[in-house]
Amino acid sequence: IKHPLQNQWTLWFFKPDRAKGWEENQREVIHFDTIEDFWSTHNHIKSASELSAGCDYSLFKAGIKPMWEDPRNNNGGRWLISLDKKQRSSELDNYWLEVILCLIGEAFEESSEDICGAVVNIRPKGDKLSVWTADCTNRDGIMKIGQKLKERLGIQTRGSIVYEAHNDSMKKSGSVAKFRYTV
Ligand code: M7G
C-alpha cells in the first residue's frame, strides 16, 4: 500500500513560447497523491537547476491553477525568496525540494489550509521560489507560513523573505510591489 498524502497535487511546467499567451504556456505534467508517486515523479524529471531560462515548475493543490486568475489565488499572495545567480548551483534544488516537502507534508499545520501551491522561476537575473497562499489579509496564517518556511530552509537573514499580494504583483510595471509582510 502506498502512503497517501493529505492533498492531491498537480505539477505544472511553464516553457516560454512567444507565439502563445502566458496561460497557454502553462502545462499540467502530472498529478500525484501518494509519497511514492511524488518520489517517482521527482526522480525522473529534470531538476529545477537544469531547466532553461524562462521556465517554471509549479506545484499546486489539484484544482488550483498556478495563476493569479484562479479564484483560490485571486485574493492571495506569495512568500517570495529571491536567489542570487550563484545560488542556482548551491541552493536552488535543495530549497525547491524542501518547499515541496513542506507542502505535501502539510508542514504549516493549521495554516496549511491557506496554501495554494509553490513556484520556482528559472531566470537569468536570479531564480525565485515562492509559496502562494489564498488570503493576503490573513496576517497570522501568512506569518506562520513564512516563519516555518525560513526555518525549514535554514535561512537566517532577517527580512530576506517578503510577502506580496498578487493584486500588487499584477499591477507592478517596473516599480516594485509593496511588500505586505517580511520575516
Ligand atoms: P513572472 O514569470 O512571474 O516573473 O512574470 P519574471 O518577471 O521574473 O519573469 C512575468 C510575466 O508573466 C508577468 O509580467 C505576466 O505578464 C506573466 N504572468 C506571471 N504570472 C504569475 C501570471 C499569472 O498568474 N497570470 C497571468 N495572466 N500572467 C502572469
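See the structure shown above.
Residues numbered from 1 in each chain as written. Predicted model: local features only at pLDDT ≥ 70, side-chain atom pairs only at ≥ 80, totals over all residues. Heavy atoms only, no water.

Student: It is not clear to me how the packing of aromatic side chains should be interpreted in this structure. Could you clarify?
Tutor: Each pair of aromatic rings is reported with the distance of its centres and the angle of its planes. According to the stated counting rule, one finds 7 aromatic pairs in the structure shown. Judged by centre distance (5.4 Å) and plane angle (85 degrees), the ring pair of Phe60 and Trp132 falls under edge-to-face. Remark: Trp132 occurs in strand E6 (residues 128-133) and Phe60 occurs in strand E3 (residues 56-61); sequence separation between them is 72 residues. Residue class for Trp132 comes out buried when judged on its relative accessible area of 6%. (Phe/Tyr/Trp six-rings, centres within 6.5 Å; stacked < 30°, edge-to-face > 60°. Helix = DSSP H or I, 4+ residues; strand = E, 2+ residues; numbered from the N terminus. Buried < 20%, exposed > 50% of the residue type's maximum accessible area, 1.4 Å probe, protein only.)

Student: Explanation requested: the pattern of salt bridges in the structure shown.
Tutor: Oppositely charged side chains can pair when the atoms bearing their charge come close. With the rule as written, the count across this model stands at 10 salt bridges. Measuring nitrogen to oxygen at the nearest pair gives 2.7 Å for the salt bridge that ties Arg152 to Glu98. Here Glu98 lies in helix H2 (residues 87-104) and Arg152 lies in helix H3 (residues 139-153), a separation of 54 residues in the sequence. Residue class for Arg152 comes out partly exposed when judged on its relative accessible area of 34%. Overall, the relative accessible area of 22% leaves Glu98 in the partly exposed class. Linking Asp168 and Arg180 is a salt bridge whose minimum nitrogen-to-oxygen distance equals 3.9 Å. Highlighted residues: Asp168 in helix H4 (residues 166-171) and Arg180 in strand E8 (residues 179-182), separated in sequence by 12 residues. Judged by relative accessible area, which is 14%, Asp168 ranks as buried. (Salt bridge = Lys/Arg side-chain N within 4 Å of Asp/Glu carboxyl O.)

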